[in-house]
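What follows is the residue order along each chain.
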Amino acid sequence: VSTPTIELPPGDGEPTLISTTFDLAAVGFMQEEFFLAGTATSFRNLNELGVDGRWEAEPAETANYRTRVVVYRPVKQEDFSGTVIIEWMNVSEGFDIPYGWALSHVEALRAGDAWVEVTAQRVGIEGEEGALFPFYLRAADPERYASLEHPGDSFSYDMFTQVTAVVKGAEENSVVGGFPVDVVVAVGESQAASRLLTYVNAIQPLYQAFDAFLLDSRYDSSAPLSQLPQADIPAPDRVTFRDDLAIPVINLQSETDVVPLGAVDERQPDSEYFRLWEVAGGAHGDNYMLNSGRSDIGIGAEFATVVENNLIFGVIPCGSPLNSGVIPWVYMAATDALKKWVQEGMPAPEAERLATTDDLSDYVYDAAGNVLGGVRTPYVDAPAARLSGEFNDANGVCSLTGTTALFDAATMSARYVDRQGYMDAVDEAATQAVSAGFILAPDASRIRAAASLQWDALGED
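Each chain has its residues counted from 1, running along the sequence as written. pLDDT decides what is reported in this predicted model: residues at 70 or higher carry local features, side-chain atom pairs at 80 or more are listed and counted, and totals for whole chains, interfaces and linings draw on all residues regardless. Each side-chain value is derived from all of the structure's non-hydrogen atoms; neither hydrogens nor water enter the calculation.

Student: What is the right way to read the pattern of salt bridges from this model?
Tutor: Two side chains with opposite charge may pair up if their charged atoms get near one another. Salt bridge, as used here, is a side-chain nitrogen of Lys or Arg placed within 4 Å of a carboxyl oxygen of Asp or Glu. The tally for this structure, following the rule as stated, stands at 22 salt bridges. Note that lysine 340 and aspartate 336 form a salt bridge whose closest N and O atoms lie 3.2 Å from each other. With lysine 340 and aspartate 336 both in helix H8 (residues 327–344) and four residues apart, this pair spans about one turn of that helix. Type-normalised accessible area, obtained with a 1.4 Å probe on protein chains alone, sets the label of each residue: buried when under 20%, exposed when over 50%, and partly exposed for intermediate values. Exposure remark for lysine 340: the relative accessible area of 31% places this residue in the partly exposed category. On the basis of relative accessibility, which here comes to 13%, the residue aspartate 336 falls in the buried class. Connected via shared salt-bridge partners are Glu107, Arg110, Asp113, Lys339 and Asp443. Numbering goes from the N terminus for both helices and strands, where a helix is a DSSP run of H or I of at least four residues and a strand is a run of E of at least two.

Student: What is the right way to read the packing of aromatic side chains from this model?
Tutor: In this scheme Phe, Tyr and Trp rings, the latter by its six-membered ring, pair at centre separations within 6.5 Å, and the angle between planes marks the pair as stacked below 30 degrees, edge-to-face above 60, and tilted otherwise. Tallied over the entire structure, the rule returns 21 aromatic pairs. Ring centres 6.0 Å apart and planes at 65° place the aromatic pair tryptophan 101 and tryptophan 115 in the edge-to-face group. On the criterion of sequence distance, the pair formed by tryptophan 101 in helix H1 (residues 99–111) and tryptophan 115 in strand E5 (residues 114–118) is long-range, its members being 14 residues apart. Here tryptophan 115 falls in the buried class, since its relative accessible area comes to 0%. Taken together, Trp88, Tyr157, Phe160, Tyr199, Phe210 and Phe213 form an aromatic cluster joined through their ring pairs.

Student: Quick question: what am I supposed to make of the pairing of E5 here?
Tutor: Two faces make up the sheet, and in a regular strand the side chains alternate between them. Counting buried residues in E5 gives five out of five residues, a clear majority hidden from the surface. Neither face of E5 is open: one carries Ala114, Val116 and Val118, the other Trp115 and Glu117, and all of them are buried. Strands pair, by our definition, only if DSSP identifies at least two bridges between them. Across four bridges, strand E3 (residues 57–74) lies against E5 in antiparallel orientation. Each residue of the ladder has a partner; that of tyrosine 72, found in E5, is tryptophan 115. Examined bridge by bridge, strand E4 (residues 83–88) and E5 share five bridges and lie parallel to one another. The partner of tryptophan 88 across the bridge, within E5, is valine 118. Viewed with both strands pointing away, a crossover whose connecting path from the first strand over the helix to the second turns clockwise is right-handed. Read from E4 through H1 to E5, the crossover connection turns out right-handed.

Student: Help me out: how do you make sense of the packing of H1 against H8 in this one?
Tutor: To get an axis, fit a line to the C-alpha atoms, keeping to the stretch in contact for a helix; angles then go from 0 to 180 degrees between the N-to-C directions. Packing of H1 against H8 brings their axes to within 9 Å, and their N-to-C directions diverge by 55°. Between H1 and H8, the crossing angle belongs to the class labelled oblique. As for how H1 packs across H8, the hand of that crossing is right-handed. When H1 is examined against H8, the residues Gly100, Leu103, Ser104, Val106, Glu107, Arg110 and Ala111 are found in contact with a partner set consisting of Ile327, Pro328, Tyr331, Met332, Thr335, Asp336 and Lys339. Class assignment for the residues of the contact of H1 with H8 results in seven nonpolar, three polar and four charged. What sets the label is the angle itself: under 35 degrees gives roughly parallel, over 145 gives roughly antiparallel, 65 to 115 gives roughly perpendicular, and the rest give oblique. In this scheme, a crossing is called left-handed if the near helix is turned counterclockwise away from the far one by less than a right angle; it is called right-handed if the turn is clockwise. Any pair of residues with heavy atoms lying within 4.5 Å of one another is described as a contacting pair. As a working rule, the residues Ala, Val, Leu, Ile, Met, Phe, Trp, Tyr, Cys and Pro are called nonpolar, Asp, Glu, Lys and Arg charged, and the rest polar, with Gly in that last group.

Student: Just checking my understanding: could you explain unusual backbone geometry for this structure?
Tutor: Leaving glycine aside, a negative phi is the common case for residues, and trans is the common case for peptide bonds. Cis rather than trans, the peptide bond between leucine 228 and proline 229 has omega equal to 10°. Relative to the helices and strands, proline 229 is located in the loop between strand E7 (212–216) and strand E8 (249–253). Of note, glutamate 171 is a non-glycine position whose phi angle comes to about 50°, a positive value. Considering the arrangement of structural elements, one finds glutamate 171 in the loop between helix H4 (156–168) and strand E6 (183–189). Of note, the phi angle at glutamine 208 is positive, near 50°, even though the residue is not glycine.

Okay, structure coming up:
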């Protein structure tokens, strides 16, 4: 793996990134931004890119690049876990968004993991027509980011690989304070997960740069291996994860991803190093990821309550309340499971698939309207709402945020009788979820504490 040059951004400004909003110093963490400069390669295929993902590739053209990374890490080395999670940031809205950090930062604070957010794709720097906000780097801070140079997404896979060299490097060749690193995990959500699926199948076998992968909310197929203006090498219509990699991979899927977005056709069985977690009650994007979680430092039960909120980022209205459920808690369990899988040889738990109709066109629902099967949590086993991954409204930004429909007081009383009955049901479901390995114990404690807040919001005794 080539080692890029590490540079500091010019001036005294702050990184451009929609991220968490709390004071990192107050929780023993820090944020740093670096520019990485080097020469990257594109790739070409040596065999037909088949459904099974057993692709063979080799380096093709080369091009110079200069991109940026944003690092979140403990200030003190003694607080560092030895794990670095490198996120391929999502650019679906026309600029970088660190959705993985949004979902899992509380676990990073607890465990002492470092996160490295990578501007891997050209859109993050140059933007594209129809961007939600002008937050791509060239527009957001032209002076700070004037020197950045992206040769095109055909080179993004090697650029992402090269980040591992400056994560594992020592002292001046490190972007994580020169701390000794034991485990490097790659993560990506949605569009970024599509890029990482191609990475797993074609690039990881070449360099073995990562110890594990977490892909959240991949849809059907995957990204091209190469694209114009380089050679056009698209992925096939259906793609699964190759089954011959001896490193752990977890593919975490919401309800939105499996049926509405078509990933049901790419289901594959669990194997020695692969797990598919389809999460009941989860949506592609949810209220925690887009709103409330940005200020969460792991304290306060209110972050685990189910609410009805129609706004994204507090300003973009949606037709129905956003999904307010389970994905962040299961995501944190997935990051923990991968670390244990790598370090202790403890495989992640297997999960049943979401229950679907025979023709795979819809789910099978319980009496409350929640989907059966899949990864189970208190949000669907002791529910206070119907939580769905169905498309929200016609607004493109809102469409993948799912929906929430809170039960009224009469429905809650009919299900649980009283406050204590509801709290007992949540407690039992949380215990089962922790035992199954799909929720971490600290998060289960917050979910249990949220039950009293949930009931009290009904105005019942």
